[in-house]
Amino acid sequence: MDVISVIRAKRDGGELSPEQIDWVIDAYTRGEVADEQMSALAMAILLNGMNRAEIARWTAAMIASGERMDFSALSRPTADKHSTGGVGDKITLPLAPLVAACGAAVPQLSGRGLGHTGGTLDKLESIPGWRALLSNTEMLDVLESTGAVICAAGDGLAPADRKLYALRDVTGTVEAIPLIASSIMSKKIAEGTGSLVLDVKVGSGAFMKTVEDARELAATMVGLGTDHGVRTVALLTDMSTPLGLTAGNALEVRESVEVLAGGGPADVVELTLALAREMLDAAGLKDADPAKALADGSAMDVWRRMIAAQGGDPDAALPVARERHVVTAPSSGVLTRLDAYGVGVAAWRLGAGRARKEDPVQAGAGVELHARPGDEITAGRPLLTLHTDTPEKFDYALEALEGAYDLAPSGTSYRPTPVVLERISYPVG
Ligand code: URA
């Protein structure tokens, strides 16, 4: 087998054989295929695609590159969710303890933010003392004792994806549907969950800008999960506007705790409950009532135990950025658009995100929204507050917000976009 013939085959629009796929993934993981060769192959895949059989084999080869976890000894059924990433997407934080409070075990292996989308681990690390890195034994202990664990995926899980994802990130090849689907699903299948709910984001703040692309990604992932014996369902959800009223690490933890306390923004509560119902259904817990678990404080109890079990202090004050800048409404009227991408880039530039994997993030940085599309606002009233420890970044963040919102004359009617756009389950297509 030689890598140049594999690259040429895909470059010329051909189908890769199972043997070629197994070999190239294994050889890349071992360092025999160089980064520049894998970049060329990733670009050929982005340009020419892969068929169903190729995607299935590519995913299986990435799973086989590392270890598989096994939760079968747990006393509860497992349920997991994965989001393709968005702005203000803090849903994992209230969702994991909520679903655990309803009787499932939730092993949530999460990532850090890169670019304009935030990462769950960065958010939780703003809680003083909280640790993302757990051994497999510690992870199982937290899961068994509290019902939920949110932690970093160990190095042994799909190492081929770890290498390939970092490479795609710097070679403009993240947005290929076969590569996104196989990347996400290899990790989820290797993790060993019994059921999986995918939150596939659509809109300016998401990888998938159109419903058609999101539908194709969702259907591909649902097919892959189902073929590997994981009960998999996908919801297509709106990411044209940020979720909730905050984008930034500690700001989002605060909002998540509000949801667990029975309050919080309506869209965050709606999506948390919709995903919780899907997860409980997929785990076979059809009679559970997540709305009750939010209202009666049982989800909050699990949150507190889960944070404490990972060294965090659920009562500690969250970090606050040193400087603020308020953006006011230039005129009175109805806010008809608040662009998720613009807000995400602004939060990132303020220090909430990172440009390179090794960069630090600021816990308190981010953007707070004072209005959502559909709200009437008065000229001069606060629209957004920017938070940062590095005020020299304000101008750069404000540039990202130029043209990011529209105000229509007072009284203009506004049709809200639904939070959940579509549901995709097996059989698909
Ligand atoms: N998240 C992943 O884990 N992989 C991708 O390719 C994109 C989003």
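Residues numbered from 1 in each chain as written. Predicted model: local features only at pLDDT ≥ 70, side-chain atom pairs only at ≥ 80, totals over all residues. Heavy atoms only, no water.

Caption draft 1: Quick look at the nonpolar core. If you look at the biggest cluster of nonpolar residues, it comprises 72 residues, and the most contacted ones within it are Trp 303 and Val 367. By residue number, the principal contributor to this core is helix α12 (residues 266-282), which donates 9 residues. In terms of domain composition, this core takes at least three residues from each of domain 2 (80-155 + 191-315 + 421-425) and domain 3 (323-408). With residues near it in sequence (within four places) discarded, Trp 303 still touches Leu 93, Pro 97, Leu 124, Ile 127, Val 253, Val 257 and Leu 260. (Core = buried A, V, L, I, M, F, W, Y, C linked by side-chain atoms within 4.5 Å. Buried < 20%, exposed > 50% of the residue type's maximum accessible area, 1.4 Å probe, protein only. Helix = DSSP H or I, 4+ residues; strand = E, 2+ residues; numbered from the N terminus. Domains from an automatic or database assignment. Contact = heavy atoms within 4.5 Å.)

Caption draft 2: Looking closely at the sheet that holds strand β8 (residues 333-338). Read from one edge of the open sheet, 3 strands run β10-β8-β12, paired in antiparallel fashion. A single partner strand is all that each edge strand has here, and the edge strands are β10 (376-377) and β12 (405-408). In the sheet, β8 pairs with β10 via 2 bridges, with the strands oriented antiparallel. Paired with Val 334 across the bridge in β10 is Glu 376. (Pairing = 2+ DSSP bridges.)

Caption draft 3: Looking closely at helix α1 (residues 3-11). Buried within α1 we find Val 3, Val 6, Ile 7 and Lys 10. Buried residues of α1, seen end-on, are gathered within an arc of 95 degrees and therefore sit on one face of the element. For α1, the secondary structure elements touched by its buried residues are α2 (18-30), α3 (35-48) and α4 (52-64). The backbone nitrogen of Ile 4 lies 3.3 Å from a side-chain oxygen of the residue at the head of α1, namely Asp 2. In the stretch just after α1, Gly 13 is the one whose phi turns positive, near 85 degrees. (Arc of directions from axis to C-beta. Polar contact = N/O pair within 3.5 Å; in protein donor to acceptor, adjacent residues only side chain to side chain.)

In short, shape yes, function no, at least from these values alone.
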